[in-house]
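# Examining the three-dimensional arrangement
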Amino acid sequence: MLKVGGTAVYQDKNWEGVVEKVCAKLSQWVLPQLSYGGRGLVVNNLIASMLWHRFTVLEPPDLLIKEIQRKLVDVFWTGQH
């Protein structure tokens, strides 16, 4: 959150397309036959590394975090819930 003149201003533009990028990376790497360990590596090395810098510099909206969490849970439990 950025404060300008005492008013909170969210920089939505910084978060545009983030979920789509996460989904694109996941669709390239996550295959049904990939083990849980392999899925964990994909999430840690590709997805988390892509997000760390932005999350450190800017505070992400709660809705964005929930959407990304939902996508990552789906990676581990695809076809099992």
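Report on the accompanying structure.

How each quantity is defined
- Residue numbering note: each chain is counted from 1, following its sequence as written.
- Residues qualify for local features only when their pLDDT is at least 70, as the model is predicted, and side-chain atom pairs are given and counted only at 80 or more; totals for whole chains, interfaces and linings, by contrast, use all residues.
- Think of the side-chain values as coming from all heavy atoms in the structure, minus any hydrogens and water.
- Strands are runs of DSSP state E lasting at least two residues, helices are runs of H or I lasting at least four, and both sets are numbered from the N terminus onward.
- Residue count minus one, scaled by 1.5 Å, sets the expected span of a helix.
- Relative accessibility decides the category of a residue: with a 1.4 Å probe and only protein chains considered, values under 20% of the type maximum give buried, values over 50% give exposed, and everything between is partly exposed.
- Salt bridges, as used here, are contacts in which a Lys or Arg side-chain nitrogen is within 4 Å of a carboxyl oxygen on Asp or Glu.
- Helix axes are fitted only over the stretch in contact, all axes being lines through C-alpha atoms; the angle between N-to-C directions runs from 0 to 180 degrees.
- In these notes the angle categories are as follows: under 35 degrees is roughly parallel, over 145 is roughly antiparallel, 65 to 115 is roughly perpendicular, and the rest is oblique.
- Handedness of a crossing follows from how the near helix is turned relative to the far one, being left-handed for an anticlockwise turn of less than a right angle and right-handed for a clockwise one.
- Whether two residues touch is decided by their heavy atoms; if any such pair falls within 4.5 Å, the residues are in contact.
- Under the scheme applied, nonpolar residues are Ala, Val, Leu, Ile, Met, Phe, Trp, Tyr, Cys and Pro; charged residues are Asp, Glu, Lys and Arg; polar residues are all the others, including Gly.

With that settled, consider helix H2 (residues 36–57). Look at H2: 30 Å from first C-alpha to last across 22 residues, which is about the 32 Å you get at 1.5 Å a residue. Looking at H2, one finds that the buried residues are Gly38, Arg39, Gly40, Val42, Val43, Ile47, Ala48 and Leu51.

Before going further, it helps to examine the pattern of salt bridges. Inspection of the entire model under this criterion finds 2 salt bridges. Sharing partners across several salt bridges, the network here consists of Glu67, Arg70 and Lys71.

Contact geometry of H2 with helix H3 (residues 62–77) gives a least axis separation of 10 Å together with a crossing angle of 165°. It follows from the interaxial angle that H2 and H3 lie roughly antiparallel. H2 and H3 meet at a crossing whose hand is right-handed. Contacts between H2 and H3 pair Tyr36, Arg39, Gly40, Val43, Ile47, Leu51 and Phe55 from the former with Leu64, Ile68, Leu72, Val75, Phe76 and Trp77 from the latter. Here the contact of H2 with H3 is composed, by residue class, of 11 nonpolar, 1 polar and 1 charged.

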